[in-house]
Amino acid sequence: MMETPKGLRLHIALFGRRNVGKSSLLNALTGQQVSIVSDTPGTTTDPVEKTLEMAPLGPVVFLDTAGLDDAGELGELRTERSLRVMQRADVALLVTEGESWGEHEARIAALLREREIPFAVVQNKADAYPAAPGRAHGPGVLEASVSVIRASARDGLGLAEVRAALERLAPERALHQPPLLSDLLPDKGVLALVVPIDTGAPKGRLILPQVQAIRDSLDGRKLCMVVTEEELPDALGRLRHAPDLVVCDSQVVHKVDRDTPSDIPMTTFSVLMARFKGDLTALAQGAGALTRLTPGDAVLIQEACSHHPQKDDIARVKLPRLLQKLAGGELRIAWSAGKEFPEYDGAYKAVVHCGGCVITRGQMLARLRAAAASGCPMTNYGMAISLAQGVLRRELSPFPDALRAFEAACAHP
Ligand SMILES: Nc1nc2c(ncn2[C@@H]2O[C@H](COP(=O)(O)OP(=O)(O)OP(=O)(O)O)[C@@H](O)[C@H]2O)c(=O)[nH]1
Ligand code: SF4
Ligand SMILES: [Mg+2]
């Protein structure tokens, strides 16, 4: 059975001090022995990940972390790793031991709030602490809207409430993805997808954004045609009516732009993914910043997964070449790859991010927020390539707000 890609799963993270029962709670919620449990504080060292189907939330990823009160050199490294997990959380559980609440809990709550991650407090080990009269009450420092749940991973008390809280807290954007493209086409509209089959294409399959585009057009009952860039002119010639939309891979956008009559709307998978995954308008604005690059500027190229670089790798070879052409000279380029990301250095004149197919919309938005907070404009690979090829305006024209943001960013530094 094909699994739901991680990038479309709700990510639920557990945070708290050591030994409060985070791993036990994960095991109890999933009904599986996912994480090792022991009474020795510091049992979980590296983040543990578990994907599963959880009614009524659907496909989720649970992330168990090391205690955030770990000290010493190794402990600090673990704490840092746990904090990085926050970058991936759509929703969180702050686990405490009974009603105990101290500086670590307050710090975790502050960080979650700062990152706009909805959370509930789970007062675990309720079996070992006498119930306070009335409902579970949380520390006075928390807003009344934060759910505080008395629970016991040992005897199952409160687990149904924890599940209900997760369902309530899960942000709309994480549970209900907007369509990738079907809303751009009329009923039974005709879509032409242009997919290059070059040395960079994975053997025997399509990449995720292409598969998602086909699936979304089928879901929306559109008429979808998939061709390579070489066959596009023939395909267009054979259609009785022009397609309602042409979508191509950024790598062939130049040719597809030439071969597609100017009255047919055209865009790229990158632009569609930017809208689906994050904030197209902010990313279009970030593309505008690339027009102001000058030699010597620092630029970060960022990927959300750490795949093995290929010959002629886009991040290592093609993009740097294009960006330096835009800047008119050498740039200081840095790279980062992985599900978690380092702090954005305010010195970057631009961050150019990949399509982020393996991360969730919430995770992409967290990256955009963090970059904006450091004053770094962010755009994505595809838009950078299209800008260098002079076709970005056409690609953005199906999205007037994004086009306006791009034009404004080009005009005003
Ligand atoms: N009485 C009681 N003990 C519990 C409960 N949940 C966990 N424990 C015990 O608390 C201890 C720590 O549990 P873990 O699940 O390993 O705690 P953790 O927060 O993951 O700990 P670290 O990975 O070290 O940060 C173990 O001895 C568990 O058996 C509970 O609901 N009630
Ligand atoms: S680099 Fe980005 S777009 Fe490419 S596969 Fe990895 S996550 Fe997906
Ligand atoms: Mg643990």
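Residues numbered from 1 in each chain as written. Chains lettered and ligands numbered in written order. Predicted model: local features only at pLDDT ≥ 70, side-chain atom pairs only at ≥ 80, totals over all residues. Heavy atoms only, no water.

*Asks:* How would you explain the sheet that holds strand E13 (residues 348-353) if you had to name every residue and give the values?
*Replies:* A sheet is described by the order of its strands in space; here 4 strands give the open sequence E12-E11-E13-E14, paired in parallel fashion. Strands at the two margins of the open sheet, each flanked by one partner only, are strand E12 (332-337) and strand E14 (378-380). When the angles between neighbouring strand axes are averaged without regard to direction, this sheet yields 25°. Alignment of strand E11 (residues 298-303) against E12, held across 6 bridges, turns out to be parallel. Note that in E12 the partner of Ala298 across the bridge is Arg332. Lying on the sheet, helix H13 (residues 381-388) is in contact with E11, E13 and E14; it crosses E14 at an angle near 80°. (Pairing = 2+ DSSP bridges. Helix = DSSP H or I, 4+ residues; strand = E, 2+ residues; numbered from the N terminus. Axes fitted to C-alpha atoms, helices over the stretch in contact; angles between N-to-C directions. Contact = heavy atoms within 4.5 Å.)

*Asks:* Residue-level account of the domain arrangement of the chain, with values.
*Replies:* Along its sequence, the chain is carved into domain 1 (6-175), domain 2 (182-270) and domain 3 (277-411). On a C-alpha basis, the centroid separation for the pair domain 1 and domain 3 is 33 Å. Between the two partners, domain 1 and domain 3, sit 2 salt bridges. Here Glu116 makes a salt bridge to Arg369, at a shortest N to O gap of 3.9 Å. (Domains from an automatic or database assignment. Salt bridge = Lys/Arg side-chain N within 4 Å of Asp/Glu carboxyl O.)

*Asks:* Talk me through the nonpolar core; I want residue IDs and the actual numbers.
*Replies:* Met383 and Leu396 are the most contacted members of the largest nonpolar core, which has 58 residues in total. Not counting the four nearest positions on each side in its chain, Met383 is found in contact with Ser270, Val271, Ala274, Leu280, Leu283, Ala284, Ala287, Leu392 and Leu396. The next biggest cluster of nonpolar side chains, apart from the first, holds 26 residues, and it includes Leu14, Leu26, Leu52 and Leu166. (Core = buried A, V, L, I, M, F, W, Y, C linked by side-chain atoms within 4.5 Å. Buried < 20%, exposed > 50% of the residue type's maximum accessible area, 1.4 Å probe, protein only.)

*Asks:* With reference to specific residues and values, describe the pattern of salt bridges.
*Replies:* If you walk through the whole model with that rule in mind, you get 16 salt bridges. A salt bridge links Arg88 to Glu49; the nearest nitrogen and oxygen atoms lie 3.1 Å apart. Highlighted residues: Arg88 in the loop between helix H2 (72-85) and strand E4 (91-97) and Glu49 in strand E2 (residues 48-54), separated in sequence by 39 residues. We classify Arg88 as buried; its relative accessible area is 4%. Its relative accessible area of 29% is what places Glu49 among the partly exposed residues.

*Asks:* Could you give me a rundown of the site of ligand 1, with the residues and numbers involved?
*Replies:* Around ligand 1, 22 residues are found, and the nearest of them are Lys22, Ser24, Gly42, Thr43 and Asp127. One nitrogen or oxygen atom from the main chain of Gly21 is found 2.9 Å from an oxygen atom belonging to ligand 1. Within the side chain of Ser23, an N or O atom sits 2.9 Å from an oxygen atom of ligand 1. When the free accessible area of ligand 1 is taken as 650 Å², the share hidden by the protein chains comes to 91%. Among the elements that take part in the shell around ligand 1, helix H1 (residues 22-30) stands out by supplying 3 residues, more than any other. The residue makeup of the shell around ligand 1, split by class, is 4 nonpolar, 12 polar and 6 charged. (Near = heavy atom within 4 Å. Polar contact = N/O pair within 3.5 Å; in protein donor to acceptor, adjacent residues only side chain to side chain. Areas by Shrake-Rupley, 256 points an atom, 1.4 Å probe, with all protein chains shown as cover. Nonpolar A, V, L, I, M, F, W, Y, C, P; charged D, E, K, R; others polar.)

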